[in-house]
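A look at the structure
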Amino acid sequence: MVALKDIAQRCGVSTATVSKALNGHHDVGEKTRKRIQKVADEMGYLPNSAARALKTDRTYNLGVLFVDEQQSGLTHEFFSAVLDSFKVEAEAHGYDITFISHNTGGRTRTYLQHCLYRGVDGVVVACVDFRTPQVQELVNSAIPVVTIDYMFNNRMAVLSDNAEGVDALVRYAYDQGHRKIAFIHGELTSVTEKRLSSFYRTCDALGLDVPEEYILESPYHDGLGCKRLTKQLLELPDRPTCILFPDDYSYIGGLSAIEEAGLKIPEDISTIGYDGIYLSHLLHPSLTTYRQNTKALGQVAAQKLIDLIEYPKRTLPEQVVVSGQLLIGGSVGVLSQQGG
């Protein structure tokens, strides 16, 4: 294993100078620092994580709290993309990640206890029930925390612009002539509340009447639930001409119900998704949807968490809103072409 003294001998400087250069101290000249770094890279030097933690009083380990009620885990394309971006950004800053859970080594612990057990420097929290006592305990602890798509008054939050997304989708359907737009929304979370509020606000601004039976609830990422509710909408005496689904994955269930009813998209009914996952492009017709910027969400969450850890005195909690992009597919037809 390459040691600091080996690099010092190669460069003809002291071990102290090598240490300062590799740790970014400003009292080492830029030319010398670059030369030492180049030699260290050539020799395959890797810093000792335990020694680095001792010097900085940090473990360079970030916790990830991700609890998916639908049991899809990291196959959940939206959150897996966000967490992958988070991981890439964290590693670029020299941090590792650890998933936080209830169970460690056969013992049941709270989320906070697991964080303390692993000695994480900070935690990103995504896709959980933020109202549970264990999450509240963690968020109100001394550990730096960044939440994704949820706001606590005293914590940093990175938010997808859910209001903008629903507004863009409803307005697009309206521009295509649709006046009967139904919304199957996800379970009631802060994200759903923003989307639902935006839906009603946009419909009101456009002068659209929204019958009570047009608003239905199904868990996110639940194709079977969406299939059942889509069938329910299609059986209405005055059925909608366009259905907005909670997410692109759940839409697959709705698509199945539409096909079983002998209807075609977009000739007989139009459909809209949410998230912009890769699968939405492979469907025929391709799905009109709203792509959330998963790369930016994960990247910003990592940057903000690291800022809280490394610069606690100058980093204040804030809410960072990340915009997405409307993706126009072939699933929304012009109403006059539908004869409705």
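Here the structure is shown first, and the text comes after it.
The structure contained in this document is the topic of the report that follows.

1. Focus on unusual backbone geometry
Cis rather than trans, the peptide bond between Ile265 and Pro266 has omega equal to 0 degrees. With respect to the helices and strands, Pro266 occurs in the loop between helix H11 (248–260) and strand S11 (270–272). The step from His284 to Pro285 runs through a cis peptide bond, and the omega angle for that step is 0 degrees. Inspection of the secondary structure assignment puts Pro285 in the loop between helix H12 (279–282) and strand S12 (289–291).

2. A closer look at the sheet that holds strand S5 (residues 122–126)
Within the open sheet, the six strands sit side by side as S2-S1-S5-S6-S7-S13. Their pairing is parallel. In this open sheet, the two edge strands, each paired with only one partner strand, are strand S2 (96–99) and strand S13 (319–322). Between one strand axis and the next, the sheet turns through 20 degrees on average, direction left out of account. Bridge count for S5 against strand S6 (residues 145–148) is three bridges, and the pairing is parallel. Pairing of Val123 across the sheet is with Val145, part of S6.

3. A word on helix H8 (residues 162–175)
Taking 1.5 Å of rise per residue, the 14 residues of H8 would be expected to cover 20 Å, and the 20 Å separating its terminal C-alpha atoms lies within 8% of that figure. Of the positions making up H8, those classed as buried are Asn162, Gly165, Val166, Ala168, Leu169, Val170, Tyr172 and Ala173. Phi turns positive, to about 100 degrees, at Gly177, one or two residues after H8.

4. Points about the sheet that holds strand S10 (residues 242–244)
Pairing is parallel across the open sheet formed by four strands, whose spatial order is S9-S8-S10-S11. Edge strands, defined here as strands with exactly one partner in the open sheet, are strand S9 (215–217) and S11. Taken pair by pair, the neighbouring strands of this sheet meet at an average axis angle of 20 degrees, ignoring direction. In this sheet, S10 lies alongside strand S8 (residues 181–185) in parallel orientation, the contact comprising three bridges. When the bridges of S10 are listed, Ala182 appears paired with Ile243.

5. Here's the deal with helix H3 (residues 30–43)
For H3, with 14 residues, the first-to-last C-alpha span of 20 Å sits near the 20 Å given by 1.5 Å per residue. Restricting attention to buried positions, one finds in H3 the residues Ile36, Val39 and Ala40. For H3, the angular spread of the buried residues around the axis is 100 degrees, confining them to a single face. Residues of H3 that are exposed and point more than 90 degrees away from the buried face comprise Lys31, Lys34, Lys38, Asp41 and Glu42. Next to the buried residues of H3 lie helix H1 (4–11) and helix H2 (15–22). One or two positions beyond H3, positive phi appears at Gly44, with a value near 75 degrees.

6. Some words on the pattern of salt bridges
A complete count under the given rule lists nine salt bridges for this structure. Between Glu260 and Lys227 there is a salt bridge, with its nearest N and O atoms 2.8 Å apart. Of the two residues, Glu260 is situated in helix H11 and Lys227 in helix H10 (residues 223–234); the sequence distance between them amounts to 33 residues. The class for Lys227 is partly exposed, based on a relative accessible area of 26%. Taken together, the shared-partner salt bridges connect Glu30, Arg33 and Lys34 into one network.

Calculation criteria
- Residues numbered from 1 in each chain as written.
- Predicted model: local features only at pLDDT ≥ 70, side-chain atom pairs only at ≥ 80, totals over all residues.
- Heavy atoms only, no water.
- Helix = DSSP H or I, 4+ residues; strand = E, 2+ residues; numbered from the N terminus.
- Pairing = 2+ DSSP bridges.
- Axes fitted to C-alpha atoms, helices over the stretch in contact; angles between N-to-C directions.
- Expected span 1.5 Å × (residues − 1).
- Buried < 20%, exposed > 50% of the residue type's maximum accessible area, 1.4 Å probe, protein only.
- Arc of directions from axis to C-beta.
- Contact = heavy atoms within 4.5 Å.
- Salt bridge = Lys/Arg side-chain N within 4 Å of Asp/Glu carboxyl O.

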